[in-house]
Amino acid sequence: MNNSALLSFLCLFALLHQSLAASPQFNVIQFGAKPDGRTDSTSAFLAAWKQACSSTRGVTLYVPKGRFLTRSMLFKGPCRNSAIFIRIDGTLVAPSDIWAIGNNPNWIEFQYVNGVTISGGVLDGKGAPLWSCKLAGRKCPTGATFSFCNNVLVSGVTSLNSQMFHVVINFCRNVKLQGVRISAPGNSPNTDGIHIQMSTGVTVVNTKVATGDDCVSIGPGAANLRIENFACGPGHGISIGSLGKNVNEPGVQNVTVKSTTFTGTTNGLRIKSWGKPSNGFARNILFQHATMNNVQNPIFIDQRYCPDRNCPDTVRVSDVTYQDIHGTSATQVAVNFDCSKRNPCKGIRLDNVRLTYNSKPAVASCANADGTTIGLVQPGSCL
């Protein structure tokens, strides 16, 4: 998203908040919700949404203090207005019984809506029973996720212990996450913090993620994405990919990741693609101003991601810049470009990179990677 588009987007929500000052308010308690953490309040939330969605003017859907138990909820549009403000002062709690949600892939889902603001509150996914089920190798239900549509602002929301992905942005335009906090144990499986795919104009700012998988995973079809002032750890870092799982797959382009901190993560800035035929790509990527604190793979392109290591070539990776990346690596190889022989990485640029291992110089490893260096680059470039 360019600066003018972002300004227009922020102005839109400023006007939205002004218009909502005198707008109707629907309190979920008025529809029968109980803030005791035990009574199923699903029907009350959906009834309140129905009223808000059918209003011809901007409205507020209000969740007061307390704990509200809900099963799977689909907030579906299109609505008759594009100014719905959801203010959450309480906590939404998923059922402890992993079968209560069933095989519905989403606990809380927004679909075909335009112009929604979600402010504050806590989403408690109660994921531990599902994680135990998976780790034991038993048959388990699909976990819960949180997905959005167009022109969405999510501000000050905390997501705890999601069963699977915490936040999913899929087939969306103009979504902004700011001041979001995501937390799950470092050993919780498949609990990606934020997953973005098939979407454009997504901004993530002033956000902290601690989880058991990627802090951010960027999938096929993501474009014009900006991440800034972001903290990750524990977790698997910020990953573009996995890409190239399918032969016909849209690529990832125009991604800026700026002012990030990684602490104790398995990866820092990673691009990974399946080692199999695909017309996908990753291009025009900027990683800027990143601090690594004891990160296992600070800079990593794995263009041949393939569990059995017997796969053909992969998507094209080009025009990737690493600028002002510094800190400590938990492994000796701090920079690793493992690229394809048939589709080598092109246009890789290292600009003022300073990474050490055990207070000593780290090592760089390159396979089929071409690029340039600018300024001080440690470890020494292998491009």
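Everything here concerns the structure above.
Let us look at the structure shown here. Computed from a predicted structure; not experimentally measured.

**With respect to helix α3 (residues 128-135)**
Item 1. Buried residues of α3: Leu130, Trp131 and Cys133, and no others. End-on, the buried residues of α3 take up no more than an arc of 160°, which puts them together on one face.
Item 2. Residue Gly137 follows α3 closely and has a positive phi angle near 75°.

**Comments concerning the pairing of strand β25 (residues 299-305)**
Look at any regular strand and the pattern is simple: side chains alternate between the two faces of the sheet.
Item 1. The element β25 is extensively covered by neighbouring structure, given that five of its seven residues are classed as buried.
Item 2. Here strand β23 (residues 269-274) pairs with β25 via five bridges, running parallel. Along β25, the bridge assignment pairs Leu269 with Ile299.
Item 3. Bridge analysis of β25 against strand β27 (residues 333-338) gives four bridges, and the strand direction is parallel.

**Observations concerning the pattern of salt bridges**
Item 1. Scanning the model with the defined rule gives eight salt bridges in all.
Item 2. A salt bridge links Asp124 to Arg67, with the nearest nitrogen and oxygen atoms 3.4 Å apart. Here Arg67 lies in strand β4 (residues 67-69) and Asp124 lies in strand β10 (residues 122-124), a separation of 57 residues in the sequence.
Item 3. The class for Asp124 is buried, based on a relative accessible area of 10%.

**Some words on helix α2 (residues 42-54)**
At 3.6 residues per turn, the α-helix brings residues three or four places apart onto the same side.
Item 1. The end-to-end C-alpha separation of α2 is 18 Å, in line with the 18 Å expected for 13 residues at 1.5 Å each.
Item 2. Turning to α2, its buried residues number three or more, namely Thr42, Ala44, Phe45, Ala48, Trp49, Ala52 and Cys53. End-on, the buried residues of α2 take up no more than an arc of 165°, which puts them together on one face. Residues of α2 that are exposed and point more than 90 degrees away from the buried face comprise Ser43 and Lys50.

Definitions and limits used
- Residues numbered from 1 in each chain as written.
- Predicted model: local features only at pLDDT ≥ 70, side-chain atom pairs only at ≥ 80, totals over all residues.
- Heavy atoms only, no water.
- Buried < 20%, exposed > 50% of the residue type's maximum accessible area, 1.4 Å probe, protein only.
- Helix = DSSP H or I, 4+ residues; strand = E, 2+ residues; numbered from the N terminus.
- Arc of directions from axis to C-beta.
- Pairing = 2+ DSSP bridges.
- Salt bridge = Lys/Arg side-chain N within 4 Å of Asp/Glu carboxyl O.
- Expected span 1.5 Å × (residues − 1).

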